[in-house]
Amino acid sequence: QDTKERCNQILRNMEASLTARDRVGIQDFVLLDAYTSESAFLDNLRKRFHENLIYTYIGTLLVSVNPYKELDIYSKKQMDTYMGVNFFELPPHIYALADNVFRTMLTEFNNHFILISGESGAGKTEASKKILQFYAVSCPSTKLLNNVRDRLLLSNPVLEAFGNAKTLKNDNSSRFGKYMDIQFDHQGGAVGGHILSYLLEKSRVVHQNHGERNFHIFYQLVEGGEDELLRWLGLQRNCQLYSYLVQGDCAKVSSVNDKSDWRTVQKALSVVDFSENDIEHLFGIIASVLHLGNVKFGADPRGYAILNNNPEMHWLSKVRHRKYKLRSALESDLFTPFTVDHAVYARDALAKAIYGRTFNWLVNKINESLANKDSSRKTVIGLLDIYGFEVFHVNSFEQFCINYCNEKLQQLFIQLTLKSEQEEYEMEGIEWEPVPYFNNKIICDLVEEKHRGIISVLDEECLRPGEATDLTFLEKMEEKMGGHPHFVTHKLADQKTRKTLERGDFRLLHYAGEVTYCVVGFLDKNNDLLYRNVKEVMRQSKNSIIKHCFPSTEPDSKKRPETVVTQFKSSLVGLTEILMSKEPWYVRCIKPNEGKQPGRFDDVLVRHQVKYLGLMEHLRVRRAGFAYRRRYEIFLQRYKPLCPDTWPNWKGTAAEGVQRLIKHLGYKPNEYKMGRTKIFIRHPRTLFATEDAFEVCKHELATRIQAKYKGYRVKGEFLKQREAATKIETCWRGLMARKERERRAWAVKVIKKFIKGFMTRNQPACVDNSEYLAFVRQNYLSRLKDNLPKTLLDKNNWLTPPPIMQEKSKLIYLYNLQLKLLTSSMFKGKKENYPFSVCRPFLDTRISEDDINVKVLQMIQHERIKYSVPVVKYDRNGFRPRLRQLIFTQAAAYLVEEAKIKQRIDYSSLKGVSVSNLSDNFLILHVTCDDIKQKGDLVLQCDYLFEALTKLSLVTSKQSCIKVVQGSVRFDIQPGREGFVDFKSGQESMVYRAKNGHLMVVSMEFKKYVHFSWQFQ
Ligand SMILES: Nc1ncnc2c1ncn2[C@@H]1O[C@H](COP(=O)(O)OP(=O)(O)OP(=O)(O)O)[C@@H](O)[C@H]1O
Ligand SMILES: [Mg+2]
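Computed from a prediction, not measured in an experiment: that's the story for all the values here.

Colleague: Give a description of the overall build of the protein that names residues and reports values.
Modeller: Scanning the protein from terminus to terminus reveals 33 helices and 31 strands. Rg of the C-alpha trace for the protein: 63 Å, well past the compact-globule value of 31 Å for 1017 residues, more than 25% over. Projecting the C-alpha coordinates of the protein onto the three principal axes gives extents of approximately 185 × 80 × 80 Å. Counting only residues that meet the buried cut, the protein has 50% of its 1017 residues in that class. Pairs at least 24 residues apart make up 64% of the contacts formed inside the protein by residues separated by at least 6 positions. Summed over all atoms, the accessible surface of the protein reaches about 51,800 Å², with 53% contributed by carbon and sulfur. Counting 151 positive and 120 negative side-chain charges, the protein places the centres of these two groups 12 Å from one another.

Below, the structure is given as structure tokens:
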């Protein structure tokens, strides 16, 4: 079931794509099955046209059908879509072609041109504008480049205003040929440009056929010019008033907005570097041409022309032609008076010359502004947009030139595509069946062949002395060209054709169709004579542009200037040379109907164009031929990274290298051919696949190179870091080693000194043993401190002193003994527990300085601390016990609680100290107290009573003030308030406040105390 459904789905999809294809046709004619059928070709074109698909390829050639309506396919988004995408990946578009040309130019670094051809109104100018706009958006941009870009873009409206006009074929018909070079730097930035213009149709200035207009600029000035400007130029806002503007009876055209175009031109002129002065003079000239057209001549009695009071002459002088000189120049030449007709002729000749030369000045001026002064190498893309092939009811010298030009371009196209392509296959030895095509060389020769061609005959007639007229020219042609298959006149034609020809006509069978030319005016237009007087007046003009256009160095009339057609011929030869040196690309424009109508596809008209544009032949050559060819060397050079055998260098011949390369890439035998010097690739897709692979490979190579380079950089960095680390390490090690050495040297010195000291320890003190002995002394003393015997009388346990300390040791021992003696003198036989204190050695202090609060230390240190001991202090009121520190300095006794000094007793105010005769540890310090605010006597209990009192008596030298009392001690709580401490013995020791308010200290009975004490000894 599933499989069936899937098959249906596939079928439906196929059907849908087939219908779509049926509807929109094929994008590239090369894929057309019936590629030899003109009808199939036309069908495809028509189908696409009706779907608004106006572009179709024949390989890389773009066929464009004028839609005659605005299509939404030229947006910025569309441009972005086509930028940098492979040519055949997206639907055909003029942007795809532009992008392809641009990228080929960048990769191959060579010059290109895009030939845009087609008959008048087929869309050539529009196509060239689209290409230019695409480059303006897609090229790299900087402030400088944007400036160039704006000038390139805006040169267009200026040139169109001055060089385009409404014709019957096209409302904006180019009446001059234009070849524009866009110069790019190697990064693809548009850096400059240059324009070549070809033969402007000057006759339009003075004459327009019915339904046609003069050049746009005239109408723009009259319709759009500011009031003030018009007033200054003496113009009125009404085209009907100017005879040069109304000959075609068609001053207004609905598709042209002269007013807004005027504004565009004004803006463009300022961007393209025109000064105020330039603009003023330029419009002065345009106005002067209009005034000139209105100049009328009267006739004097002899029939000679005279200029009556023409107001135009006033305005002409205002725009700086000298009035009187001009007047005489228009009435006569070198004292030969003109007839009225003659004068009108001279006037028109002047108007044409002024306009024509101003146009050339304009092109030069634009070129100056586009010029790139940088001399670095550039590549260019040339855009050729020239007037298209045209056939009117009456065709004159201008159409002859225009159609001749198209003939030449067709010839170039044939040479570059059909002929050279086939010749190349032959040369390269590629099997090839020649495709027949119509070569229009025969017509080109008919027109331009030396001595025999129409141009030669025309020039001859113009230059020969005697009465040469347009008709004698026709006769000469009949003489020379009679019998030529592409040339007919009334006289030469057969019966049937003769009916369609006037007597003064000749007919050329151009590649694009028959055109009947009327010989009237050929000689005049070819001579393009300007009377000497007129020229002279122009030379003296104050208008800077006119002055520039009529230089005084111009060869005088004795030496005839080249005729117009000869100049044109040479300029076309020059153009061909320019184009031949570049790579060609083609846009073939087709006009779908004669009515400028959207959606109308006139089969006959289109079939005719397809035929004469040689599209069928081109398709046939394309189908049979190869899309791409390159010299082996170039191909190998570009793609060699794609094959390991050819990368980085191939040793053998380039052809062998290419063979190896394409074998590696897997080209199928029918996809390519190997020529003598080149490889031929049949389908673009093969090349694109190769190019894509190259793109990928390029990135890989770049990544590899990048990685190598990064590795190289990091390695360098690493080596540097390592070197630095080693250096730091070395320095550090050196430093440490030096320190170690110093330490060792010091140690050796110390050890040496120690040994020496040891060896000389028994000698009298000298330099050698002083430190050793100091050490021995210190060592002994600190050992002694830690190992004092339990009882001072235990002499055997006194640490044995080293020899040098024997004396000292004895002294220490004796000092302690002395203290004990002092204690004994004070307490022996007086206080019950004295005997138990005898054996306990005295220490220097009972509280080390570390345990005394820093603040206290800071306050009393200067008095030198002699002894400190923890005590319990009994409050004077209530006798609550408090832990305190008792500190004796040289000058006073301090009672300290943490960081606070609670009481200071200067020794001078110490009246006496009372202790009981019993075995308690209480002592009462009596102080002299004069001030009621002062604190009174102190009641303390101290575990080291005897030691503390001995020290006190030593410090104060007041041994006698220590009294041993019995029963009760009176003391001053504060001056005038007394308290009592009562002592008695009991079963166990206690301290409490008795009912009578006295502090009762009960100490253990002596017997019991003795027993108790011995237990703890
Ligand atoms: N791509 C397009 N999209 C819309 N309109 C177009 C397009 N191409 C041409 N046209 C219309 O056709 C008119 C004629 O086109 P264009 O001026 O380019 O013809 P041309 O080939 O330059 O003719 P000529 O040889 O007379 O100068 C344009 O004014 C415009 O209205
Ligand atoms: Mg044009």
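Colleague: So, empty space enclosed by the protein: which residues are in play, and what are the values?
Modeller: Applying the stated rule across the entire model yields seven cavities of 30 Å³ or more. Here the largest cavity defines a volume of roughly 170 Å³. If you trace the largest cavity, you find 15 residues lining it, with Leu-199, Leu-200, Lys-202, Phe-397 and Glu-398 closest to the centre. Here the element with the most residues in the lining of the largest cavity is helix α14 (residues 397–428); it accounts for four residues. Split into classes, the residues belonging to the lining of the largest cavity amount to seven nonpolar, one polar and seven charged. Roughly 100 Å³ of internal volume is contained in the second largest cavity. What lines the second largest cavity is a set of 13 residues, and nearest its centre among them are Tyr-135, Ala-136, Cys-139, Arg-149 and Ala-190. Those elements that provide at least two residues to the lining of the second largest cavity are α5 (124–138) and α6 (143–163). Per-element accounting of the lining of the second largest cavity gives the leading share, four residues, to α6. Here the residues of the lining of the second largest cavity are counted per class, giving nine nonpolar, three polar and one charged.

Colleague: For helix α24 (residues 615–624), give the residues involved together with the corresponding values.
Modeller: With seven of its 10 residues buried, α24 lies for the most part within the structure. Among the residues of α24, Leu-615, Met-616, Glu-617, His-618, Leu-619, Val-621 and Arg-622 are the ones counted as buried. On its buried side, α24 packs onto α2 (38–50), β1 (55–58), β2 (61–65), α14, β16 (583–590) and α23 (603–612).

Colleague: Got a sec to walk through the UniProt feature "binding site: ATP" (unreviewed entry) in the protein? Specific residues and values, please.
Modeller: UniProt tags Gly-118, Glu-119, Ser-120, Gly-121, Ala-122, Gly-123, Lys-124 and Thr-125 as "binding site: ATP" (unreviewed entry). With respect to the helices and strands, the residue Glu-119 is situated in the loop between β3 (112–117) and α5. When sequence neighbours within four positions are dropped, the list of residues in contact with Glu-119 reads Lys-124, Gly-388, Phe-389, Cys-589, Lys-591, Glu-594, Gln-609 and Tyr-612. Within the fold, Thr-125 resides in helix α5. Apart from residues no more than four positions distant in its own chain, Thr-125 is found in contact with Glu-160, Ser-174 and Asp-385.

Colleague: Talk me through the site of ligand 1; I want residue IDs and the actual numbers.
Modeller: The environment of ligand 1 is made up of 19 residues, and the closest members are Asn-66, Ser-120, Lys-124, Thr-125 and Ser-173. Residue Ser-120 places a side-chain N or O atom 2.6 Å away from an oxygen atom belonging to ligand 1. Isolated, ligand 1 exposes 620 Å² of accessible area, and the fraction of that covered by the protein chains is 88%. Those elements giving two or more residues to the shell around ligand 1 turn out to be α5 and β5 (173–174). Residues of the shell around ligand 1, tallied by class, amount to five nonpolar, 10 polar and four charged.

Colleague: Explain the layout of surface pockets residue by residue, including any values.
Modeller: Of the pockets and cavities examined, the largest pocket occupies roughly 1,500 Å³. In this structure, the largest pocket is lined by 46 residues; those nearest its centre are Glu-583, Trp-585, Ala-627, Tyr-628 and Arg-630. Among the elements of the structure, α4 (94–108), α14, β16, α24, β17 (628–631), α25 (632–639) and α27 (684–759) are those that each provide at least two residues to the lining of the largest pocket. Counting residues per element, the lining of the largest pocket draws most heavily on α14, which supplies eight residues.

Colleague: Residues and numbers for the coordination of the magnesium ion (ligand 2), please.
Modeller: Taken together, Thr-125 (OG1) and Ser-174 (OG) make up the protein donors of the magnesium ion (ligand 2), found 1.9 to 2.1 Å from the metal. Residue Thr-125 is located in helix α5, and its partner Ser-174 is located in strand β5; the two are separated by 49 residues in the primary sequence. Judged on exposure class, the residue Thr-125 and its partner Ser-174 are both buried.

Colleague: With reference to specific residues and values, describe unusual backbone geometry.
Modeller: The step from Trp-647 to Pro-648 runs through a cis peptide bond, and the omega angle for that step is 0°. In this fold, Pro-648 is placed in the loop between α25 and α26 (654–665). One non-glycine residue, Asp-528, lies in positive phi territory at about 50°. Within the secondary structure layout, Asp-528 lies in the loop between α19 (522–527) and α20 (532–539). Relative accessible area serves as the criterion here: at 32%, Asp-528 is assigned to the partly exposed category. Positive phi outside glycine occurs at Phe-879, with the angle close to 55°. Within the element layout of this structure, Phe-879 appears in the loop between β20 (865–874) and β21 (881–889). The class of Phe-879 is buried, set by a relative accessible area of 7%.

Colleague: How would you summarise the packing of aromatic side chains if you had to cite specific residues and measurements?
Modeller: In this description, a pair of aromatic rings is defined by centroid distance and the angle of the planes. Applying the stated criterion to the full structure yields 41 aromatic pairs. The interplanar angle of 25° and the centroid separation of 5.8 Å between the aromatic rings of Phe-473 and Phe-522 together place this pair among those described as stacked. Here the residue Phe-473 occupies a position in helix α17 (residues 470–481), and Phe-522 occupies one in helix α19, the gap between them amounting to 49 residues. Accessibility assignment for this pair places Phe-473 and Phe-522 in one class, buried. When the centroid spacing of 6.3 Å and the interplanar angle of 65° are considered together, the rings of Phe-879 and Phe-971 count as edge-to-face. You can see Phe-879 sitting in the loop between β20 and β21 and its partner Phe-971 sitting in strand β28 (residues 968–974), a full 92 residues away along the chain. For the pair Phe-879 and Phe-971, a shared accessibility class is recorded, and that class is buried.

Colleague: Residue-level account of a nonpolar patch on the surface, with values.
Modeller: Side chains of Ile-751, Phe-754, Ile-755, Phe-758, Met-759 and Phe-775 sit close together on the surface and give an oily, nonpolar patch of about 600 Å² of accessible area. Counting residues per element, the nonpolar patch draws most heavily on α27, which supplies five residues. Positionally, Ile-751 belongs in helix α27.

Colleague: Can you tell me about the nonpolar core, naming the residues and giving the values?
Modeller: In this structure, Ile-114, Tyr-135, Phe-162 and Phe-218 are the most contacted members of the largest nonpolar core, which totals 105 residues. The contacts of Tyr-135, once residues within four sequence positions are left out, are Ala-98, Val-101, Phe-102, Ile-114, Ile-182, Phe-184 and Ile-381. The next biggest cluster of nonpolar side chains, apart from the first, holds 68 residues, and it includes Val-30, Leu-523, Leu-572 and Leu-613.

Colleague: Describe the side chain of Ser-128, with residues and values.
Modeller: With respect to the helices and strands, Ser-128 occurs in helix α5. Here Thr-125 takes part through its backbone oxygen, which lies 2.9 Å from a polar atom of the side chain of Ser-128. Among residues more than four places away in sequence, those in contact with Ser-128 are Ile-116, Leu-383 and Asp-385.

Colleague: Describe the pairing of strand β24 (residues 910–916), with residues and values.
Modeller: Every other side chain in a regular strand lies on the same face of the sheet, so the side chains alternate between the two faces. With six of seven residues buried, β24 is to be regarded as a mostly interior element. Remark: five residues form the turn of the hairpin made by β24 and strand β25 (residues 922–927), two consecutive strands paired antiparallel. Two strands pair when backbone bridges link them, and β24 and strand β27 (residues 962–965) are joined in this way by four bridges, in the parallel orientation. Considered in β27, the bridge of Val-913 is made with Ile-962.

Colleague: Can you break down the environment of Leu-233 residue by residue, with the values?
Modeller: In this structure, Leu-233 sits in helix α8 (residues 227–233). Here Leu-233 falls in the buried class, since its relative accessible area comes to 0%.

Thresholds, definitions, all that
- Residues numbered from 1 in each chain as written.
- Chains lettered and ligands numbered in written order.
- Predicted model: local features only at pLDDT ≥ 70, side-chain atom pairs only at ≥ 80, totals over all residues.
- Heavy atoms only, no water.
- Helix = DSSP H or I, 4+ residues; strand = E, 2+ residues; numbered from the N terminus.
- Rg over C-alpha atoms; globule rule 2.2 N^0.38 Å.
- Buried < 20%, exposed > 50% of the residue type's maximum accessible area, 1.4 Å probe, protein only.
- Contact = heavy atoms within 4.5 Å.
- Areas by Shrake-Rupley, 256 points an atom, 1.4 Å probe, with all protein chains shown as cover.
- Lys, Arg positive; Asp, Glu negative; His and termini not counted.
- Charge placed at Lys NZ, Arg CZ, Asp CG, Glu CD.
- 1 Å grid on protein atoms, 1.4 Å probe; cavity = no way out; pocket = protein on both sides within 12 Å on 5 of 7 lines; lining within 4 Å.
- Points joined across faces, edges and corners; volume = space filled by probe spheres on them.
- Nonpolar A, V, L, I, M, F, W, Y, C, P; charged D, E, K, R; others polar.
- UniProt positions renumbered as here; feature names shortened; annotations may be inferred.
- Near = heavy atom within 4 Å.
- Polar contact = N/O pair within 3.5 Å; in protein donor to acceptor, adjacent residues only side chain to side chain.
- Donors = N, O, S within 2.8 Å, 3.2 Å for Na, K, Ca; no water.
- Phe/Tyr/Trp six-rings, centres within 6.5 Å; stacked < 30°, edge-to-face > 60°.
- Patch = residues over 30% accessible without salt bridge, like charges linked within 9 Å, V, L, I, M, F, W, Y side chains within 5 Å.
- Salt bridge = Lys/Arg side-chain N within 4 Å of Asp/Glu carboxyl O.
- Core = buried A, V, L, I, M, F, W, Y, C linked by side-chain atoms within 4.5 Å.
- Pairing = 2+ DSSP bridges.

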